[in-house]
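# Structural overview
Take a look at the letters that make up each chain.
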Amino acid sequence: MRRFFFLACLMLCITLSVWSQKPNQLGKIAQSLSTYTQNKSKLTLAILGRATTISYYCGNGSVAPDYHYDYYISIMPNNVNVTIYGGYNGEVKFNENRHISQAEYKQFLNKLANQNICKIPSNGNEYLCGAGASDITVKVKQQVLFEGDEYVNLSIGKGKLVDSFMSLLTETMEWAIQNPDKIISQSAFPMDVDVP
């Protein structure tokens with residue numbers, strides 16, 4: 001018993017000695033952990049530069065099936081795609097691709113990084129019945145580097161989440177995502193819809 005007590009006291013003295021001699025070192029460790037956590041929660045150019053796909057998703061939540069839509073804007077280093085699903089069975093109502101240059105892609109990444117998009121603690125909106133969604137997913141192949149929803153757990157310093165994506169869209173793509181309700185109410189596109 002005495003031997004155990006002696007060893008416990010010795011360990012306590014060593015621990016206190018180490019802690020008392022290096023208080024700044026512990027502060028540095030805590031600060032670097034905090035910085036690492038903050039960097040993981042911010043969408044930076046370093047993260048975006050690794051991406052193979054950057055996707056924006058928007059859906060109008062719980063509405064009657066005939067009026068429901070989901071749309072995706074998917075950006076790859078040389079391509080942009082817009083797809084709109086809608087109606088009772090969620091069929092593809094619009095799908096268009098566009099080739100983009102390396103300069104356009106780089107400009108897009110800079111715009112997105114400059115929006116100052118950060119993860120924040122959830123505000124509880126994910127539990128609201130019928131809420132719509134506006135989210136971003138940044139991936140390297142199948143690995144998710146960053147994701148979040150504008151209405152639930154993201155803070156956006158400049159504009160709306162979709163703003164940076166708009167510069168890469170054709171006029172038809174832009175019209176389609178601004179008018180998804182018109183797209184899903186038509187039997188065909190663009191023949192039955194007056195597109196600019």
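Here, the structure is the one placed above.
Our subject in this report is the structure included herewith. (Residues numbered from 1 in each chain as written. Predicted model: local features only at pLDDT ≥ 70, side-chain atom pairs only at ≥ 80, totals over all residues. Heavy atoms only, no water.)

### Structural notes on the pairing of strand S7 (residues 143-149)
- Two strands pair when backbone bridges link them, and strand S6 (residues 133-140) and S7 are joined in this way by six bridges, in the antiparallel orientation. In the strand pairing of S7, Val138 is matched with Phe146.
- Counted between consecutive antiparallel strands, the loop separating S6 from S7 contains two residues, among which Lys141 sits at a positive phi close to 55°. (Pairing = 2+ DSSP bridges. Helix = DSSP H or I, 4+ residues; strand = E, 2+ residues; numbered from the N terminus.)

### Remarks on the nonpolar core
- Ile54, Ile73, Ile75, Ile136 and Val138 are the most contacted members of the largest nonpolar core, which has 40 residues in total.
- Ranked by residues supplied to this core, first place goes to helix H4 (residues 102-114) with five residues.
- Setting aside chain neighbours within four positions, we find Ile136 in contact with Leu43, Ile54, Ser55, Leu112, Phe146, Glu147, Gly148, Leu154, Leu161 and Phe165. (Core = buried A, V, L, I, M, F, W, Y, C linked by side-chain atoms within 4.5 Å. Buried < 20%, exposed > 50% of the residue type's maximum accessible area, 1.4 Å probe, protein only. Contact = heavy atoms within 4.5 Å.)

### A closer look at H4
- With 13 residues, H4 ought to run about 18 Å at 1.5 Å a step, and its terminal C-alpha atoms sit 18 Å apart, in line with that.
- Restricting attention to buried positions, one finds in H4 the residues Tyr105, Phe108, Leu109, Leu112 and Ala113. End-on view of H4: buried residues confined to an arc of 130°, all on one side of the axis. Those residues of H4 that are exposed and aimed more than 90 degrees away from the buried face are Ala103 and Lys106.
- Where H4 is buried, its residues contact helix H3 (45-50), strand S1 (53-59), strand S2 (69-76), strand S5 (117-119), S6 and helix H5 (163-166).
- Two residues or fewer past H4, Asn116 is found with a positive phi of approximately 55°. (Expected span 1.5 Å × (residues − 1). Arc of directions from axis to C-beta.)

That's the geometry; what it means functionally is another story.
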